[in-house]
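So you can see what is in the structure, the chains are spelled out below.
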Amino acid sequence: MSSSGPWWAVVAFTFAGVLLTQATTWWMDQRKARRESAFRWTNRNIEFYADFVDACHELLELPVWPADTPLKPLTDKLRQKSVKIRFVAPPPVNETLDKTLRAVAELAAQIDSIRTTSKPGHGDRIDERLLPGYRGSAEALSAALDEFMAAARIDVDITSVFRGLPDTPA
């Protein structure tokens, strides 16, 4: 017997050390893979959210007159972008997405109604009688979009102060 203890104890401690090293390496690799996956999904979610917000801004900035730009391609684009969000977003983001999509539909309906029931005023302005409905729908979309962005920012762990969007002029 040597001064370091029985041979089997040395082998057991060596084996335990190897197992502990392997387990620690595996655990650290798993944590790294989860972090990298979360980072990739966070970046993808930011892209999805930003694309949707950009498309909403296109609708908010769409001139009613002249009626050169059709609504359907823009509303279809918004629906397509919302599907990607629905797939990856948590319930709070999806709830605000629903509200935003209802506001999108209302603004699109207002624009369509104005285009089909009236004619452009002087300087391609909206008929004064129809302007309050249009402004209300645009403001509702802006407010819903602010809520969506606040929820989306929480999802992707952006902690800076959110100031919202400026009001959209008619």
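Residues numbered from 1 in each chain as written. Predicted model: local features only at pLDDT ≥ 70, side-chain atom pairs only at ≥ 80, totals over all residues. Heavy atoms only, no water.

**Some details on the overall build of the protein**
In plain terms, the rule: Put simply, DSSP H or I for four residues or longer makes a helix, DSSP E for two residues or longer makes a strand, and each gets a number counted from the N terminus. The contact rule is simple, with two residues in contact once any of their heavy atoms fall within 4.5 Å. All accessibility values rest on the Shrake-Rupley procedure with a 1.4 Å probe; residue burial counts only the protein chains present in the view.
Along the backbone of the protein there are 4 helices and 0 strands. Within the protein, counting contacts between residues at least 6 apart in sequence, those at least 24 apart form 72% of the total. Split by element, the accessible area of the protein, about 11,400 Å² in all, is 59% carbon and sulfur.

**Things to note about the packing of helix H2 (residues 72-88) against helix H3 (residues 91-117)**
Rules: Here an axis means a line fitted to C-alpha atoms, over the contact stretch when the element is a helix, while the angle between two N-to-C directions is reported on a 0 to 180 degree scale. Throughout, the term roughly parallel applies to angles under 35 degrees, roughly antiparallel to angles over 145, roughly perpendicular to angles from 65 to 115, and oblique to all others. Each residue is assigned to one of three groups, with Ala, Val, Leu, Ile, Met, Phe, Trp, Tyr, Cys and Pro labelled nonpolar, Asp, Glu, Lys and Arg labelled charged, and all others, Gly among them, labelled polar.
The interhelical angle for the contact between H2 and H3, taken along N-to-C directions, is 175 degrees, at an axis separation of 11 Å. One way to sum up the angle between H2 and H3 is to call them roughly antiparallel. Note on element contacts: H3 touches H2 through Val 93, Asn 94, Leu 97, Asp 98, Leu 101, Val 104 and Ala 108, opposite Thr 75, Leu 78, Ser 82, Ile 85 and Arg 86. Among the residues forming the contact of H2 with H3, the class breakdown is 7 nonpolar, 3 polar and 2 charged.

**Focus on helix H4 (residues 131-155)**
Spelled out, the test is: Expected span of a helix: the number of residues minus one, times 1.5 Å.
Here H4 spans 36 Å end to end across 25 residues, near enough to the 36 Å set by a 1.5 Å rise per residue. Positive phi appears at Asp 157, one or two residues downstream of H4, with a value of about 65 degrees.

**Observations concerning the pattern of salt bridges**
Short version of the rule: Whenever a carboxyl oxygen of Asp or Glu lies within 4 Å of a side-chain nitrogen of Lys or Arg, that contact is scored as a salt bridge. Note on exposure labels: buried denotes an accessible area under 20% of the residue type's maximum, exposed denotes more than 50%, and partly exposed covers the range between, all computed with a 1.4 Å probe on protein chains only.
Following the criterion strictly, the structure yields 6 salt bridges and no others. Across the pair Lys 77 and Glu 58 runs a salt bridge, and its minimum N-O distance is 2.6 Å. Of this pair, Lys 77 sits in helix H2 while Glu 58 sits in helix H1 (residues 7-61), and the two are 19 residues apart along the sequence. Lys 77 sits in the partly exposed class, given a relative accessible area of 29%.

**A look at a nonpolar patch on the surface**
To keep things clear, this is the line we draw: Patch membership is restricted to residues that have no salt bridge and whose relative accessible area is over 30%. Joining uses 9 Å for like charges and 5 Å for the nonpolar side chains Val, Leu, Ile, Met, Phe, Trp and Tyr.
A cluster of nonpolar side chains, Trp 7, Trp 8 and Val 11, forms an exposed patch at the surface whose accessible area comes to about 420 Å². Positionally, Trp 8 belongs in helix H1. The exposure class of Trp 8 is exposed, given its relative accessible area of 54%.

**Considerations on the confidence of the model for the protein**
What counts, and what does not: pLDDT expresses, on a scale from 0 to 100, how confident the predictor is about each individual residue.
In the predicted model, the protein carries a mean pLDDT of 85, and 85% of its residues have values of at least 70. Looking at the elements of the protein, mean pLDDT is at its lowest for H1, recorded as 80, and at its highest for H3, recorded as 95.

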